[in-house]
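# Architecture and fold: a report
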Amino acid sequence: TPPSHAVIGAGIAGLACARALADAGHDVTVFDKGRGPGGRMSSRRLEDGAIELGAQSFRAAHPAFREQVAAWVQAGVAAPWPDALWRLEAGRAARRADGHPRYTGTPRMSAVTRQLARGLPLHTGTRIVSLARAGNDWRLIDERGTTHGPFATVSLALPAPQAEGLIAPHAPELASECRQVPQRACWAAWARLEAPLTLPGAEANWPLLQFDAGPLKRVVRHRTKPGRGGAPELITLLADLDWSERRLEDAPDAVAVDLLGALNDALETLRPAASLPAVQARGAHRWRYAEPGAVAPGHDHRLTDAGLALCGDGWRGGRIEDAWLSGHHLGEALCHRHPLPDHGDFP
Ligand code: FAD
């Protein structure tokens, strides 16, 4: 029988890896502790709309990823957004296009990862707590004590600090590489506003406001994303990473209040001044492993002779495109390492 492969982590990297294996005819099973696939690209359903608290959009520069994005656009799960970024400069809002086309998932970001996961055996709600080696096989043990396997290879598509503990007993050299890829934390607050958030000087459907300093890094208006027709004014407020790390242990609501206050303060500096509409609901989510503080040098994934592998954004660059490429390249390497028997057409 052909070898089976396990992938731990159903973020974009793990799914790209699993997809490359499955599309080449390999047997692959994916595990994730979350309720669904997506990881940092997941969307949260609120009573009257969906909201992204992690990644908001992605670029596509590498030819292989551009081809993948074109297929997503064709399938209706991604579309261009935003067409411009806004900044506050000298008391006014300024439109800044940086020339990089960007895309987002439609009708929500998680549509992209759901599309990648289609047809793949995926165990959600399954946190893997250890790996066991017997002969040439790997087995995975989840937090309920259930054993999964045997597998010929195990790919850890997780932020490096989460991969480190699983891999340390079996590949100490990879565990020490994981320690070179720390992850920064980020608070993401959200709010539902009673009225549209207007930015004096900006078009009515301005999508995204970038900040250069202060507690806020980015404010996103979800109703300006494609495919969100009729959605209420839901905004995400992403915090600066240094600010997030200083406030790491704070209560989510206190963080949401402070980030909304910072947005209101920024709006009041504009001429003419603006202010935040009434907040109908709010919350905040803490990403402990939001983005790599450093990227590992060399290849964009790791694969040992024993079939243990690592991929994810930290092994390439910290963006969705990097995570996809890292996972895709690992999937290709695993296909190459384990060629399937050739059942040629001729006897
Ligand atoms: P993840 O998406 O983190 O996937 C890892 C998965 O592993 C998760 O689903 C997790 O549940 C699972 N897992 C962890 N431990 C275990 C375990 N023990 N057992 C089972 N499962 C486990 N990138 C952009 O390109 N553009 C942006 O605008 C952008 N904005 C961002 C904003 C924020 C707030 C954040 C947090 C990230 C942002 N990023 C952005 C970065 C982007 O989201 C990531 O680079 C990318 O999604 C990483 O994918 P991944 O598959 O490597 O990891």
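Below you will find a few notes about this structure. Source: prediction; values computed, not measured. (Residues numbered from 1 in each chain as written. Predicted model: local features only at pLDDT ≥ 70, side-chain atom pairs only at ≥ 80, totals over all residues. Heavy atoms only, no water.)

## Things to note about the pairing of strand S11 (residues 128-134)
The cut-off we apply is this: The rule for pairing is simple: two strands pair if DSSP sees at least two bridges between them. We count a stretch as a helix when DSSP gives it H or I for four or more residues in a row; a strand needs E for two or more, and each element gets its number in order from the N terminus.
Looking at chain direction, S11 and strand S12 (residues 137-142) are connected through six bridges and run antiparallel. Within the sheet, the bridge partner assigned to Ala134 lies in S12 and is Asp137. Following S11, the chain reverses through two residues before pairing antiparallel with S12; Gly135 in that reversal takes a positive phi of roughly 60°.

## A word on the packing of aromatic side chains
Aromatic ring pairs are described here by two measures, namely the spacing of the ring centres and the angle between the planes. Stated precisely, the cut-off is as follows: When two rings of Phe, Tyr or Trp (its six-membered ring) have centres within 6.5 Å they constitute a pair, described as stacked for plane angles under 30 degrees, edge-to-face for angles over 60, and tilted for the intermediate range. Accessible area is worked out with a 1.4 Å probe on protein chains only. A residue is then buried under 20% of its type maximum, exposed over 50%, and partly exposed in between. Only when the NZ of Lys or the CZ of Arg is both within 6 Å of the ring centre and within 35 degrees of the ring normal is a charge said to sit over the ring.
As enumerated under the stated definition, the model contains six aromatic pairs in all. Geometrically, the ring pair formed by Phe31 and Phe151 is edge-to-face, given 6.1 Å between the ring centres and 80° between the ring planes. Here Phe31 is found in strand S2 (residues 27-31), whereas its partner Phe151 is found in strand S13 (residues 147-151), with 120 residues between them in sequence. Residue classification places Phe31 among the buried residues on the basis of a relative accessible area of 1%. You can call Phe151 buried: its relative accessible area is 6%. Note on Phe65 and Trp324: the rings are 5.3 Å apart at their centroids and 50° apart in plane angle, and the pair reads as tilted. Note that Phe65 is positioned in helix H2 (residues 63-75) and Trp324 in helix H8 (residues 320-337), a separation of 259 residues in sequence. Judged by its relative accessible area of 0%, Phe65 falls in the buried class. Judged by relative accessible area, Trp324 falls into the buried class, the value being 4%. Sitting over the ring of Trp81, Lys225 keeps its end group 5.2 Å from the ring centre.

## Overview of the site of the ligand
Quick note on the threshold: Whether a residue is near a molecule or strand depends on its heavy atoms: it is near if one of them lies within 4 Å of it. Here a polar contact means two N or O atoms within 3.5 Å. Within protein one must be a hydrogen donor candidate and the other an acceptor candidate, and residues neighboring in sequence count only if both atoms are side-chain atoms. Each accessible area is a Shrake-Rupley result for a 1.4 Å probe, and residues are judged covered by the shown protein chains and nothing else. Note that the domain bounds were set by an automatic or database domain assignment.
Close to the ligand lie 33 residues, the nearest being Asp32, Arg40, Ser57, Asp313 and Ile320. The backbone of Ile12 places a nitrogen or oxygen atom 3.2 Å from an oxygen atom of the ligand. One of the backbone N or O atoms of Ile320 is found 2.9 Å from an oxygen atom in the ligand. Burial of the ligand by the protein chains amounts to 92% of its free accessible area of 1000 Å². Mapped onto the shell around the ligand, the elements with two or more residues apiece are helix H1 (12-23), strand S19 (279-292) and H8. Formed jointly, the shell around the ligand draws a minimum of three residues from each of two domains, domain 1 (4-52 + 110-182 + 295-337) and domain 2 (85-106 + 183-292).

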